[in-house]
Amino acid sequence: MLQNVGKVRTPSVTTKLVGDESEDKIRKICEYLMEDDIFIIGVYGMGGVGKTAILMHIHNRILPENPASNDVFWVTVPQEFSVYELQDEIANAVELENISKIKDVKSRACLLDRNLKKKRSILILDDLWMHFGVKDVGIPLEKGDLKLVLTTQSLDVCSKMLYQKQIKIEPLRQPIDNWTLFSEKLCFGKELPSEVEEIARSIVDKREGMPLGIIEIATHLRGVEKVHEWKGMLQKLEDSRMELGLFKRLKLSYMNLGDPQVQQCFLHFVLCFGIDLTKTNREESIESFIDEGLLGGIATQQEMHDQNNTILDKLRKASLLDDPDEHVPPMIRDMTLQHVHPMITGMTLQLVTSTTHMVKACLGEVPKGMEMLVKLRYLDLNGTQIKTLPEGVLGKLVNLFLEQNSSRKYQLVLNVSREDFFTGDNKRCIIIGSCDGVSTRVDGEIGGDSCALLPTNVQELKVSCCGGVTSLCDIGPLENLEVLEIEEWEMLEELGAVHFPRLWNLNITGCSKLRHLLEVGQWLPCLLWFEIKGSEELEGINIAAPKLQTIVVYECPKMTRVVEWQWLTTGPQDLQRIYVFNCAKLEDIIAGPLPRRATSLLQGLSIKGCNNMKRELLTSDVLPYLPFLQSICVESCEGIEVIIGNGATIPHSSSFPELTFLTLINLPELRSVCDGAMRFNSVYWIDVKGCPRLKSISLQLPLLDNGLPSPRPSLQEIKI
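Bear in mind that the values here come from a model prediction, so they are computed numbers and not experimental data. (Residues numbered from 1 in each chain as written. Predicted model: local features only at pLDDT ≥ 70, side-chain atom pairs only at ≥ 80, totals over all residues. Heavy atoms only, no water.)

### Some words on the overall build of the chain
Along its length, the chain carries 17 helices and 36 strands. Of all 720 residues assigned to the chain, the portion counted as buried reaches 49%. Split by element, the accessible area of the chain, about 33,900 Å² in all, is 49% carbon and sulfur. (Helix = DSSP H or I, 4+ residues; strand = E, 2+ residues; numbered from the N terminus. Buried < 20%, exposed > 50% of the residue type's maximum accessible area, 1.4 Å probe, protein only. Areas by Shrake-Rupley, 256 points an atom, 1.4 Å probe, with all protein chains shown as cover.)

Pasting the structure below:
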């Protein structure tokens, strides 16, 4: 028969536990409490990992059925610890009112000792930060008397309290457990809309199995319904602009290190070596501590190593460094000596979020976690060996200083959360995910808080969501720029008087107000590739680029023609390909009056999804101007009836001497390839699909001696 306990001194509210590991810990602690020879149990782990929740479950659910004790007392230890205050808290828990009349600590201890010995009891001390002598407080710990269970973030406190058994509480390992806890706290397990759930799972993943962090975020998000609000919350978490109670708990571990040297080494370690300490970077950390002067005094190399190991052990015992998870693969566990939980990294970096300037010489790479420096505005990389800024680093950076005349390579990524790739490793490259403006350094000035200041020697530049630029010339001269990609510059109206003498690749996406390209008299002498997408005001391409080879146009709804004949035959001498996709009002690829005695080197035409084009793609009178055309591809253009229509001045029979590939797909009104017979002397491939009204392909074929037509020797395949 199970006995009832005498008193229950704790809040009855508990947090629902998830995961098999939590139940295993509860079962093990209860087994220890049943053993007569065990009377001090230490429960330790990182702040927010669930130590208190597990002990409350033991107290509220299991201990009332435990015949080993008559009374269970719960005491939350004051952070400002003193024996006197702890005595008061224990006295309140056991309802020992007359202790307040006694001022002498030893007399109070005797009174507590006598009271606690009367019955077999369990005393739970939650959140202990400092060890103490149990006899000094008045806690009787002898066989058959009281049992003491304490929770702490410090393994050192556990050891100095002379525990007999210790239990380590670790973060949740299974993603399903993290999600279950979040869902229960947010909406009692109800399903979320799919788009919201995707964002929510990203938020939960960033808590890395920390129950307190998951519960906090779920509480913040209760009642949030709009997708943009969820995205805003995710962005706040990524930018570390949310002050979490979890961080406050973790900061206590840092503050209770007590030793400024150990604290400085911890900050340096996290910033410079990230979350995993391997055998290799453990040696590097020692050298780094020495270089930074963090290992004090005059000592031998071995003594320095010993100091370093002592410091790392202190961090481990404070739950700021952790041993590798025993559940990870052995190969990885063998390579990793210690691990820093990402939440501790976040807490650490919040300690330095007030930093606005960072100048660091002789660095080979940016310290890990610098994306948490949300107030950083100025970064000087002069004199460093830094070549890469990792994704997501420096969310508010507005001024970046590099040697302006240096040929040193770099790849810098600012304000970017998506995955991007550079065209090559041997370039000076910058990606900016968002900013109000971009500019180069002029006369030693620096940009304002809304402007990202660029090194003038950049070769490859990709900038998205730049809301304050109306003309591309505002960037300033970039003598070395070779590749420029701009996306969603909502105020951009023109390219203007740009000076990019080496630019060969220009890609413009989502600049809805762009209506003009270069100013008269301006040119891009080396441009080979021009691609534009989503420019709602642009009506045609007229860009001075004598070496241009390829034009690609996507989704420009006001564009009625891609280029003019006059521009095509007098401007870019090497233009080889024109690709046009989904331009709703497009009437002609090439428009305007035909020039006299001029030809184009154009080799390929491709058009898709342009339903406003009526009847013919080209007319036969333009064929002499396109003698090198090799490929024609027309797809999903509802109005096209014939590919080559009759012209006004050219005879009924004409030819494409170099045409090799002809592709016709999903053209519901197509009735003929050409009006009349057409000679295709070099055709290699004809592919026709989804053209229900096309009954035949009129090809003028050579005749054999017997008068019968003969297929062209070049023709290899016709697919219908």
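Read on for the rest.
### Here's the deal with the packing of aromatic side chains
Per the stated rule, a full pass over the model turns up six aromatic pairs. The lysine or arginine in question, arginine 201, covers the ring of tryptophan 179, its NZ or CZ lying 4.1 Å from the ring centre. (Phe/Tyr/Trp six-rings, centres within 6.5 Å; stacked < 30°, edge-to-face > 60°. Lys NZ or Arg CZ within 6 Å of the ring centre and 35° of its normal.)

### Here we look at the nonpolar core
If you look at the biggest cluster of nonpolar residues, it comprises 85 residues, and the most contacted ones within it are Trp489, Ile541, Ile543 and Val562. Leaving out residues up to four positions away in the same chain, isoleucine 541 has contacts with Leu517, Phe530, Ile532, Ile551, Val553, Met559, Val562, Val563 and Trp567. The next biggest cluster of nonpolar side chains, apart from the first, holds 70 residues, and it includes Leu172, Met210, Tyr254 and Met304. (Core = buried A, V, L, I, M, F, W, Y, C linked by side-chain atoms within 4.5 Å. Contact = heavy atoms within 4.5 Å.)

### Focus: the packing of helix α7 (residues 175-187) against helix α8 (residues 194-205)
At a minimum axis separation of 10 Å, α7 and α8 run at an interaxial angle of 115°. Comparing the axis directions of α7 and α8 gives the class roughly perpendicular. Seen along the crossing, α7 lies across α8 with a hand that is right-handed. Contact residues: α7 offers Asn178, Trp179 and Phe182, while α8 offers Glu197, Ala200, Arg201 and Val204. Its residues placed into classes, the contact of α7 with α8 shows four nonpolar, one polar and two charged. (Axes fitted to C-alpha atoms, helices over the stretch in contact; angles between N-to-C directions. Parallel < 35°, antiparallel > 145°, perpendicular 65-115°, else oblique. Left-handed = near helix turned anticlockwise from the far one by under 90°. Nonpolar A, V, L, I, M, F, W, Y, C, P; charged D, E, K, R; others polar.)

### Here's the deal with the pattern of salt bridges
Inspection of the entire model under this criterion finds 12 salt bridges. Across the pair lysine 160 and aspartate 156 runs a salt bridge whose closest N-O atoms are separated by 3.3 Å. Here lysine 160 and its partner aspartate 156 are both found in helix α6 (residues 155-160), four residues apart, which amounts to about one turn of the helix. Residue classification places lysine 160 among the partly exposed residues on the basis of a relative accessible area of 44%. Glutamate 460 is paired through a salt bridge with lysine 462; the nearest N and O atoms lie 3.8 Å apart. Look at lysine 462 and you get buried, because its relative accessible area is 8%. One salt-bridge network, held together by shared partners, links Arg515, Glu537 and Lys558. (Salt bridge = Lys/Arg side-chain N within 4 Å of Asp/Glu carboxyl O.)

### Digging into the pairing of strand β25 (residues 577-581)
Sheet topology places strand β23 (residues 550-554) next to β25; five bridges connect them, and they run parallel. In the strand pairing of β25, threonine 550 is matched with arginine 577. Pairing between β25 and strand β27 (residues 604-608): five bridges, direction parallel. Across the sheet, the residue bridging to phenylalanine 581 is lysine 608, located in β27. (Pairing = 2+ DSSP bridges.)

### Concerning the packing of helix α3 (residues 83-93) against helix α4 (residues 105-116)
Contact pair α3 / α4: the axes reach a minimum separation of 11 Å and the direction vectors enclose 30°. In terms of axis orientation, α3 runs roughly parallel to α4. Where α3 crosses over α4, the handedness of that crossing is left-handed. For the pair α3 and α4, contact is made by Val83, Tyr84, Gln87, Asp88, Ile90 and Ala91 and by Val105, Arg108, Ala109, Leu112 and Leu116, respectively. Taken together, the residues that form the contact of α3 with α4 break down as eight nonpolar, one polar and two charged.

### Examining the side chain of glutamate 216
As for its placement among the helices and strands, glutamate 216 is situated in helix α9 (residues 211-221). Ignoring anything within four residues of it in the chain, the contact list for glutamate 216 reads Leu244, Gly245 and Leu246.

### Considering the environment of valine 469
With respect to the helices, strands and loops of the structure, valine 469 is situated in the loop between β17 (460-464) and β18 (483-487). Note on valine 469: relative accessible area 4%, which makes it buried. Counting along the chain gives 34 residues from valine 469 to cysteine 435, while the straight-line C-alpha distance between them is 9.9 Å. Discounting chain neighbours no more than four positions away, the residues touching valine 469 are Asp436, Gly437, Val438, Asp474, Trp489, Met491 and Leu492.

### With respect to the environment of lysine 585
Note that lysine 585 resides in the loop between β25 and β26 (588-591). In the structure, lysine 585 is positioned 25 residues away from cysteine 610 in sequence and 7.4 Å away in space, judged by C-alpha atoms. Not counting chain neighbours up to four residues away, the residues in contact with lysine 585 comprise Pro557, Lys558, Met559, Thr560 and Asn612.

### Structural notes on the sheet that holds strand β33 (residues 672-674)
The three strands lie next to each other as β28-β30-β33, forming an open sheet whose pairing is parallel. Lying at the two open borders of the sheet, with one neighbouring strand each, are β28 (615-619) and β33. Averaged over all adjacent pairs, the angle separating strand axes in this sheet is 20°, with direction ignored. In terms of strand pairing, β28 meets strand β30 (residues 640-645) through four bridges, oriented parallel. Among the inter-strand pairings, arginine 615 is bridged to a residue of β30, identified as isoleucine 640.

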